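Geometric and topological summary
In case you want the letters, here they are:
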Amino acid sequence: MSDFTPDEMMTIAASRALGNSDVCFVGIGAPSAACNVARLTHAPDITLIYESGTIGTAPNVLPLSIGDGELCDTAVTTVSVPEMFRYWLMGGRITIGFLGAAQLDKFGNINTTVIGDYHHPKTRLPGGGGAPEIASSCGEIYITMKQSLRGMVEKIDFFTSFGHGDGGDHRQRLGITTKGPTLLITDLAVWKPDPATKEFTVVSLHPGVTKEQVQATCGWPVKFADTLEETPAPTESELNTLRDLKARTEAAHQGPKTNEAA
Amino acid sequence: MSDFTPDEMMTIAASRALGNSDVCFVGIGAPSAACNVARLTHAPDITLIYESGTIGTAPNVLPLSIGDGELCDTAVTTVSVPEMFRYWLMGGRITIGFLGAAQLDKFGNINTTVIGDYHHPKTRLPGGGGAPEIASSCGEIYITMKQSLRGMVEKIDFFTSFGHGDGGDHRQRLGITTKGPTLLITDLAVWKPDPATKEFTVVSLHPGVTKEQVQATCGWPVKFADTLEETPAPTESELNTLRDLKARTEAAHQGPKTNEAA
Amino acid sequence: MAAFMSLRDAVAQNLNDGDTAAFEGFTHLIPHAAAHEAIRQGFRDLTLIRMTPDLVYDQMIGMGMARKLVFSYVGNPGVGLLRRARDAIENGWPNRPEVEEHSHSGMANAYEAGAAGLPCAIFRGYKGAGLANVNPNIKSITCPFTGEELAAIPSVRPDVSFVHAQKADKKGNVLVEGIIGIQKEAVLAAKRAVVTVEEVVDDLDAHPNLCVLPTWTIDAISVVPGGAHPSYTHGYYMRDNAAYLEWDRIAADRDTFLAWMKENVLDVGPEVYESRIEKLRKVS
Amino acid sequence: MAAFMSLRDAVAQNLNDGDTAAFEGFTHLIPHAAAHEAIRQGFRDLTLIRMTPDLVYDQMIGMGMARKLVFSYVGNPGVGLLRRARDAIENGWPNRPEVEEHSHSGMANAYEAGAAGLPCAIFRGYKGAGLANVNPNIKSITCPFTGEELAAIPSVRPDVSFVHAQKADKKGNVLVEGIIGIQKEAVLAAKRAVVTVEEVVDDLDAHPNLCVLPTWTIDAISVVPGGAHPSYTHGYYMRDNAAYLEWDRIAADRDTFLAWMKENVLDVGPEVYESRIEKLRKVS
């Protein structure tokens, strides 16, 4: 099956990294799609948790926000937000946290807070939300983002969430006991941190993608693994599942027309 | 109405100290009876809270434990025990905490932990349960107990819960901002702390009780108010309410006979 | 005991210029009607606390009511940036509010500690995070047993909290269900609490373990059907996702924003919400 | 994922000599059947954690299983003293367990902190209380914002927790309702968790905000109808208050106690509980 977009490849590659016994803290956007594709294909028993307090949720359409009613309707249980962050996130119950990034560096540090100076920002982004503690409390972190020179940068403007810091054992030196970013899935490739330096290294190129394309859309000199795999193309089942999900979602988010603008 | 026991007088006198807008943290025994008599007579809107997490409960019979099912069945809401102690007690939501005592001193300090040395006790009592923080977190504390030389002592063996310490402004000096014990109701009299020294002073004798009887059953030299009142005898309505409650309770606690000892 | 009154009176009696105010609702049950009433009454110099400021605070910020913002995510969830908040923070239009930024975990713990009457929240957080360098209210304490360094931030104790909920009984006990968020903590942490509800019923008839706020924890209750719109009330009407998408366009331009606010907030009253949710009601 | 198994296997696989074990249930849902199975299997040197040790720990203490007790109220609620615990603490019969005593507020906060993965609990407590002088695990920290001194105690993190609950679904998700106590915290704070339930159902069919423990937070589930007796299971059977009153007599004498334990615990199995609650079932 060759007729798929880079975005679809990214989502499907991410979904494959998830298993039945995983407990995922799900963000909105690509992570939410990936987690639900996994649930609808090879990992029906995966536990999806959204920070709104919905545990073990199985939405039929992707939520627009992390607190859509659909998440609660289909959850095993829905807890308060303090409980979510205390018992479930800080309590170490989450195996995988999914994060996106406005800016990302090669050590998996993420900025979604500001472009420019924090106190006089050029662009005020939404900020971290759950990310600072997702990054430190989940067993490991998967990152998904579309590659761009603006997004994958040598030096991020703000440490919204800590990845591997300056690399090496920087996490341990800060007393963080979890693994941090162990996987980066972009629209072009799959990346894993070097075991020693923790620098993200391309281990697999998506079908038809060249090393040059990866480098051209990344702001740091890219390291490639010695044996570079090709990411298996999406199967028909994966692609249909994703597209059906997106179509259902789009229809639902337009909603019934109301008689007021908002 | 003159046909009542000292115990009944104690419970009814305590019930009269409670009002519709009070939020009471209720212990077992006399406090529970007093609170429910208040609810069933002059204070139908009083809020009763038991430390098992039952808020706004209205039991038809007195619970044997602080966690009988009846309390939950009739409550406005039932919360977890951590929430009870964090949001409701520590959060300062309780106006009146009711405590009993194995030993009490004249400043309202209470011992329910040990007789003798803590590490080598002569008698190991049940201990504080909620009392240490009830004593410091509730707006004020009412104490009920039967008078005896063994119970009302010059010096308690252990400070299970802090009343007025050595008296005066001892609470404030420890950084405690609540009023502490403001009322002691025994089977013989009503006591209130002296405004300055905080020593409990008899302000009212129950009908037929003499100063000498109060002193004979109290281990410290008793102070009496200059103008000593007589506690109004229980009304017929109060007494009937209490006796009906006790009769219902006794019947319920015997329970249906089971075919095993326990 | 909670007093039932009009939304106009509930806001007028419980909000003051200069107050620290929380209008809470974690995506679900956002008290839009109460916030719009506050906008109509023209309060100023507010310290606005909200985990996810989204549309309701974008509007209050754009109308110049905020002296300070305390938050953990200043975005339009699932849509993108908040353009009025950005304009205020980046360009000072209409004023430049002070910013105190936390993580969700920080804010959740701070509300929890506020409800518990504590001066500060202690938790494992902000490790390696840049916020710890720019927010002087992020400090640390050392566990006296393990030596681990834990984050400490001040608890949240608003002067007044506004929340929306499903229903109240006639005594004023309030039921919150679905994504309960931090509704309970926002009420219990505040000095005063105002609740808007979809309806009043004789008896909540709720399971004992549901989230019920006893009447004596609430100061005022106003019945405002649809009062969460374009957020939603679980069991009553759906989230108006289209309105959230549309907001991105409205808020992009100052004049469009002001015109929209005049037409949809300033010139209307609490009775309009019911009509806004007509098409969003659940068919049951 | 929780594995369904016999109570014998659940206890054998999850409890070890020397473990720190919590058998929790705040008056309601006390896991008597699980504790009796532990007694039958003869574990030793346990650190027993329980807010209110009552009958179930009186029995374990009397059988010599406890090396240490961590608690906040060592009484028979509403009845009086615990005579086996007293005999152990006062006279060292059959041994003299170490005692770590807290207040309810302390224990509740310590379980909460354990569930939250924290090393310690911070709260306002023990002010002027004698426990702070005799328990070296009661320390303090200073709020970095207000200077207020707050109590700090170690969190509770049992090796294994045993709780009783109403029911599980076939996947092993467990519903707890009524007086939920610290059932959730006991499970989440522990390294391993064993749950006994009254029954297994196809679907919990529970309101989303009820107390549900997802299957992946539990190690083993055993179906033991009546397994809380003489405590109770809300919606299934009443508390056997008469048995609590009767215990005072049984526990008063060492020989009476031992004979009772032989007859009612050692020589029977988990199947007896169902018959013990026959007369206590709610007529619905």
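Residues numbered from 1 in each chain as written. Chains lettered and ligands numbered in written order. Predicted model: local features only at pLDDT ≥ 70, side-chain atom pairs only at ≥ 80, totals over all residues. Heavy atoms only, no water.

**Some thoughts on the overall build of chain C**
Spelled out, the test is: Numbering of helices and strands runs from the N terminus, with a helix taken as a DSSP run of H or I at least four residues long and a strand as a DSSP run of E at least two residues long. The reference for a compact globule is 2.2 Å times residues^0.38; the radius of gyration itself is calculated from the C-alpha atoms. Accessibility here uses a 1.4 Å probe with only protein chains present; expressed as a share of the type maximum, an area under 20% marks a residue as buried, one over 50% as exposed, and anything in between as partly exposed. Only heavy atoms enter the contact rule, under which two residues are in contact if any of them lie within 4.5 Å. Shrake-Rupley sampling with a 1.4 Å probe provides the accessible areas, and residues are treated as covered by the protein chains on show and by no other component.
For chain C, the count of helices and strands is 10 helices and 15 strands. A compact globule built from 284 residues should have a C-alpha radius of gyration of about 19 Å, and chain C, at 19 Å, falls within 12% of that. Referenced to the eigenvectors of the C-alpha coordinate spread, the extents of chain C come out at roughly 55 × 50 × 35 Å. Burial status across chain C gives 68% buried among its 284 residues. Partitioning the contacts of chain C with sequence separation of at least 6, the portion at a separation of at least 24 is 75%. Surface accessibility of chain C: about 8,500 Å² in total, with carbon and sulfur atoms responsible for 45%.

**Some thoughts on the relation of the copies chain C and chain D**
Short version of the rule: For the least-squares superposition of copies, only C-alpha atoms count, and only for residues with pLDDT at least 70 in both.
Note on the identical chains: chain C maps onto chain D by a rotation of 180° and an axial translation of 0.0 Å, with an RMSD of 0.0 Å. Overall, the copies show the geometry of a two-fold rotation axis. In terms of proximity to the rotation axis, the leading residue of chain C is Leu210 of chain C, whose C-alpha is 3.2 Å off the axis. Take the interface residues of chain C: 100% of them recur as interface residues in chain D, which is what a same-surface contact looks like.

**Considerations on the packing of aromatic side chains**
Stated formally: Here the aromatic set is Phe, Tyr and Trp, taking the six-membered ring for Trp, and pairing holds for ring centres within 6.5 Å; pairs whose planes are under 30 degrees apart are stacked, those over 60 apart are edge-to-face, and all others are tilted. Geometrically, a lysine NZ or arginine CZ counts as sitting over a ring once it is within 6 Å of the ring centre and also within 35 degrees of the ring normal.
Summed over the entire model, instances satisfying the criterion amount to 22 aromatic pairs over all chains. On the numbers, 6.2 Å between centres and 45° between planes, the contact of Phe159 of chain B with Phe162 of chain B is tilted. A ring pair is formed by Trp247 of chain C and Phe257 of chain C, whose centres lie 6.1 Å apart and whose planes are at 80°; its orientation type is edge-to-face. Linking Trp247 of chain C in helix H8 (residues 241-250) with Phe257 of chain C in helix H9 (residues 254-266), this pair joins segments that are 10 residues apart in sequence. Trp247 of chain C gets classed as buried once you look at its relative accessible area, which sits at 1%. An aromatic cluster of at least three residues, connected via ring pairs, comprises Phe23, Tyr57 and Phe162 of chain C. Note that Arg84 of chain C overlies the ring of Phe257 of chain C, its terminal NZ or CZ placed 5.6 Å from the centroid. Its end group placed over the ring of Tyr244 of chain C, Arg239 of chain C keeps NZ or CZ at 3.8 Å from the ring centre.

**Observations regarding the interface of chain C and chain A**
Counted only if it meets this: Two parts placed together each lose some accessible area under a 1.4 Å probe, and the buried area is that loss summed for both. Salt bridge criterion: a side-chain nitrogen from Lys or Arg within 4 Å of a carboxyl oxygen from Asp or Glu.
Each partner contributes to the interface: chain C provides 61 residues, whereas chain A provides 51 residues. Across the chain C/chain A interface, buried area totals approximately 4,600 Å², and carbon plus sulfur atoms make up 62% of it. Three residues, Lys127, Val134 and Ile179 of chain C, lead the burial of chain C against chain A; their summed loss comes to 12% of the area buried on that side. Applying the counting rule to chain C against chain A returns one salt bridge.

**Notes on H8 of chain C**
All of the buried residues in H8 of chain C are Asn241, Ala243, Tyr244, Trp247 and Ile250 of chain C. Looking at the packing, one finds that the buried side of H8 of chain C touches helix H8 (236-254) of chain A together with helix H2 (32-40), helix H3 (54-62), strand E5 (75-76) and H9 of chain C.

**As for the interface of chain C and chain D**
Here is the rule: Polar contact is the term for a pair of N or O atoms within 3.5 Å; when the atoms are in protein, one must be able to donate a hydrogen and the other to accept it, and sequence-neighboring residues count only if both atoms are side-chain atoms. Three classes are used: nonpolar for Ala, Val, Leu, Ile, Met, Phe, Trp, Tyr, Cys and Pro, charged for Asp, Glu, Lys and Arg, and polar for all others, with Gly counted as polar.
Taken together, the contact between chain C and chain D spans 28 residues of the former and 28 residues of the latter. Between chain C and chain D, roughly 2,200 Å² of surface is buried when both sides are summed, and carbon and sulfur atoms account for 70% of that area. On the chain C side of the contact with chain D, Pro119, Phe145 and Asn209 of chain C bury the most area, a combined 28% of that side's loss. Between chain C and chain D we count zero salt bridges in total. Along the contact surface separating chain C from chain D lie six residue pairs in polar contact (both at pLDDT 80 or more). At the level of secondary structure, the elements contributing two or more residues to the side of chain C that touches chain D comprise strand E8 (120-123), strand E9 (139-142) and strand E10 (149-154) of chain C. Residue composition of the side of chain C that touches chain D, by class: 16 nonpolar, eight polar and four charged.

**Digging into the environment of Asp157 of chain B**
All names here are of chain B. Considering the arrangement of structural elements, one finds Asp157 in the loop between strand E10 (140-145) and helix H6 (170-173). The spacing of Asp157 and Met84 is 73 residues in sequence and 29 Å in space, taken between C-alpha atoms. Setting aside residues up to four positions removed in sequence, Asp157 forms contacts with Gln103, Asn111, Val114, Ile115 and Gly116. A distance of 2.7 Å separates a polar atom in the side chain of Asp157 from the backbone nitrogen of Gly116.

**Observations concerning the sheet that holds strand E9 (residues 139-142) of chain D**
Sheet strands line up and pair through hydrogen bonds in the backbone, either parallel or antiparallel. All names here are of chain D. The line we're drawing: At least two bridges found by DSSP between two strands is the condition for calling them paired. Here the axes come from fitting lines to C-alpha atoms, over the contacting stretch only for helices, and the angles between their N-to-C directions go from 0 to 180 degrees.
Ordered in space as E8-E10-E9, the three strands form an open sheet in which the pairing is antiparallel. Looking along the sheet, the strands with just one partner apiece sit at the ends: strand E8 (120-123) and E9. With strand direction ignored, the average angle separating the axes of adjacent strands in the sheet is 35°. As paired strands, E9 and strand E10 (residues 149-154) are joined by four bridges and run antiparallel to one another. When the bridges of E10 are listed, Thr142 appears paired with Glu149. Where helix H5 (residues 104-115) meets the sheet, its contacts fall on E8 and E10, and the angle it forms with E8 comes to roughly 130°.

**Topic: the sheet that holds strand E12 (residues 189-193) of chain A**
Residue and element names in this part refer to chain A. The strand order across the open sheet built from 10 strands is E4-E3-E2-E1-E5-E10-E11-E12-E13-E14, with neighbouring strands paired in mixed fashion. Since the sheet does not close on itself, it has two edges, and those belong to strand E4 (77-78) and strand E14 (223-230), each with one partner. The sheet contact formed by strand E10 (residues 140-145) and strand E11 (residues 181-186) spans five bridges and is parallel. Within E11, the position partnered with Met145 by the bridge is Thr186. Across the sheet, helix H1 (residues 6-16) is in contact with strand E5 (96-99), E10 and E11; its angle to E11 comes to roughly 150°.

**Section: empty space enclosed by the protein**
Rules: Think of a 1 Å grid over the protein atoms and nothing else: a 1.4 Å probe that fits but is trapped marks a cavity, an open set flanked by protein within 12 Å on at least five of seven lines marks a pocket, and residues with an atom within 4 Å of a point count as lining. Grid points are joined across faces, edges and corners, and a volume is the space filled by probe spheres set on the points.
Tallied over the entire structure, the rule returns two cavities of 30 Å³ or more. Considered as a void within the structure, the largest cavity measures approximately 600 Å³ in volume. Lining the largest cavity we find 33 residues, and of these Ser80 and Glu83 of chain A, Ser80 and Glu83 of chain B together with Ile180 of chain D sit closest to its centre. Mapped onto the lining of the largest cavity, the elements with two or more residues apiece are E4 and helix H4 (81-90) of chain A, helix H4 (81-90) of chain B, helix H7 (183-189) of chain C together with helix H7 (183-189) of chain D. A class-by-class count of the residues in the lining of the largest cavity yields 13 nonpolar, 10 polar and 10 charged. One number sums up the size of the second largest cavity: a volume of about 130 Å³. Taken together, 16 residues make up the lining of the second largest cavity; nearest its centre are Arg86 of chain A, Arg86 of chain B, Ile122 of chain C together with Leu118 and Ile122 of chain D. Elements represented by at least two residues in the lining of the second largest cavity include exactly helix H5 (104-115) and E8 of chain C together with H5 and E8 of chain D. Taken together, the residues of the lining of the second largest cavity sort by class into 10 nonpolar, two polar and four charged.

**Thoughts on H5 of chain D**
All names here are of chain D. This is how it is decided: Each residue after the first adds 1.5 Å to the expected span of a helix.
Between its first and last C-alpha, H5 extends 16 Å over 12 residues, near the 16 Å set by a 1.5 Å rise per residue. Counting buried positions over the 12 residues of H5 gives 12, a clear majority of the element. What H5 keeps buried is the set His104, Ser105, Gly106, Met107, Ala108, Asn109, Ala110, Tyr111, Glu112, Ala113, Gly114 and Ala115. Positive backbone phi, at 75°, marks Gly117, one or two positions downstream of H5.

**Observations concerning the confidence of the model for chain C**
Put simply, the test is: A residue's pLDDT is simply how confident the predictor is in it, with values from 0 to 100.
The share of residues in chain C with pLDDT of 70 or more is 99%, and the mean pLDDT across the chain is 96. Model confidence for the complex: the whole-complex pTM is 0.97, and ipTM, which rates the interface, is 0.96.

**Details of the side chain of Glu185 of chain C**
Tracing the chain through its elements places Glu185 of chain C in helix H7. Ignoring any residue separated from it by four or fewer positions in sequence, one finds Glu185 of chain C in contact with Ser80 and Pro82 of chain A, Tyr87 of chain B together with Tyr111, Glu112 and Ala115 of chain C.

**Here we look at the pattern of salt bridges**
Residues and elements named next belong to chain C. If you walk through the whole model with that rule in mind, you get 55 salt bridges over all chains. Taking the shortest distance from any N to any O, the salt bridge between Glu37 and Arg40 comes out at 2.8 Å. Residue Glu37 and its partner Arg40 are located together in helix H2, separated by three residues, close to a single helical turn. We note a salt bridge from Asp87 to Arg84, for which the minimum N-O separation is 2.7 Å. Of the two residues, Asp87 and Arg84 are both situated in helix H4 (residues 83-91); the distance of three residues between them amounts to about one turn of the helix. Accessibility expressed as a relative area gives 7% for Asp87, which makes it buried. Overlapping salt bridges, with partners in common, bring together Arg67, Lys68, Glu98 and Glu100 in one network.

**Section: the side chain of Asn14 of chain D**
All names here are of chain D. Locating Asn14 in the fold gives a position in helix H1 (residues 7-14). Classification of Asn14 as buried rests on a relative accessible area of 6%. A polar contact is formed between the side chain of Asn14 and the backbone oxygen of Ala10, at a distance of 2.9 Å. Ignoring sequence-local partners within four residues, the contact set of Asn14 consists of Asp19, Val160, Arg192, Val194, Asp219 and Ala220.

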